[in-house]
Amino acid sequence: MKYLLVLCVVLVGIWVWRNNRREDIQSRRPPRPKQPALPVNMVACRQCGTHLPETESVKGPHGHYCSAEHRQQDERTFP
């Protein structure tokens, strides 16, 4: 009976050790790389020539601008 109890304790110990080891191995794996972002069209500011993403540009009647100030300056020079 004593040997059966010792065998059970050893088996439970091995089971706990293996489960902890699996978690350690899984946590060591590097995370999957994120998919790269889709490319964005770049446009030049009509006033100063600075290149910026089209989504961040200010659109005006004559083209794209980097800021509302440049748009206003260009509209004053070309009515």
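Residues numbered from 1 in each chain as written. Predicted model: local features only at pLDDT ≥ 70, side-chain atom pairs only at ≥ 80, totals over all residues. Heavy atoms only, no water.

For the rest of this paragraph, the subject is the overall build of the protein. Of regular secondary structure, the protein possesses two helices and four strands. Going from N to C terminus, the protein has its helices and strands arranged as α-β-β-β-β-α. Over its C-alpha trace the protein gives a radius of gyration of 32 Å, far above what one expects of a compact globule, namely 12 Å for 79 residues. Taken along its principal axes, the extent of the C-alpha atoms in the protein is 100 × 20 × 15 Å. Counting contacts in the protein only where the partners sit at least 6 residues apart, residues at least 24 apart contribute 9% of the total. (Helix = DSSP H or I, 4+ residues; strand = E, 2+ residues; numbered from the N terminus. Rg over C-alpha atoms; globule rule 2.2 N^0.38 Å. Contact = heavy atoms within 4.5 Å.)

Right, let's talk about the state of the cysteines for a bit. The bond known as a disulfide is covalent and runs between the sulfur atoms of two cysteines. Tallying each qualifying case throughout the model produces zero disulfides. There is no disulfide at cysteine 45, and the cysteine sulfur nearest it, in cysteine 48, is 3.7 Å away. We classify cysteine 45 as buried; its relative accessible area is 3%. Taking the relative accessible area as the measure of exposure, cysteine 48 reaches 40% and is therefore partly exposed. (Disulfide = S-S within 2.5 Å. Buried < 20%, exposed > 50% of the residue type's maximum accessible area, 1.4 Å probe, protein only.)

With that settled, the discussion passes to the side chain of serine 57. With respect to the helices and strands, the residue serine 57 is situated in the loop between strand E2 (51–53) and strand E3 (58–59). The buried category is assigned to serine 57, whose relative accessible area is 11%. At 2.8 Å, the side chain of serine 57 forms a polar contact with the backbone oxygen of glutamate 54. Of note is the side chain of serine 57, whose polar atom sits 3.1 Å from the side chain of histidine 64. Sequence-distant contacts of serine 57, defined by excluding residues within four places in its chain, comprise Val43, Leu52, His64 and Tyr65. (Polar contact = N/O pair within 3.5 Å; in protein donor to acceptor, adjacent residues only side chain to side chain.)

Side chains of Met1, Leu4, Val6, Leu7, Val10, Leu11 and Ile14 sit close together on the surface and give an oily, nonpolar patch of about 720 Å² of accessible area. By the secondary structure assignment, leucine 7 is in helix H1 (residues 2–28). (Patch = residues over 30% accessible without salt bridge, like charges linked within 9 Å, V, L, I, M, F, W, Y side chains within 5 Å. Areas by Shrake-Rupley, 256 points an atom, 1.4 Å probe, with all protein chains shown as cover. Salt bridge = Lys/Arg side-chain N within 4 Å of Asp/Glu carboxyl O.)

Two side chains that carry opposite charge are able to pair once their charged atoms sit near each other. With the rule as written, the count across this model stands at two salt bridges. Across the pair aspartate 74 and arginine 46 runs a salt bridge, and its minimum N-O distance is 3.0 Å. Of the two residues, aspartate 74 sits in helix H2 (residues 68–77) while arginine 46 sits in the loop between strand E1 (42–44) and E2, which places them 28 residues apart along the sequence. Judged by relative accessible area, which is 3%, aspartate 74 ranks as buried. Since its relative accessible area comes to 42%, arginine 46 is described here as partly exposed. Between arginine 71 and glutamate 75 there is a salt bridge whose closest N-O contact spans 3.2 Å. Of this pair, arginine 71 and glutamate 75 both sit in helix H2, separated by four residues, roughly a single helical turn.

Such coordinate-based values are descriptive only and should not be taken to indicate function.
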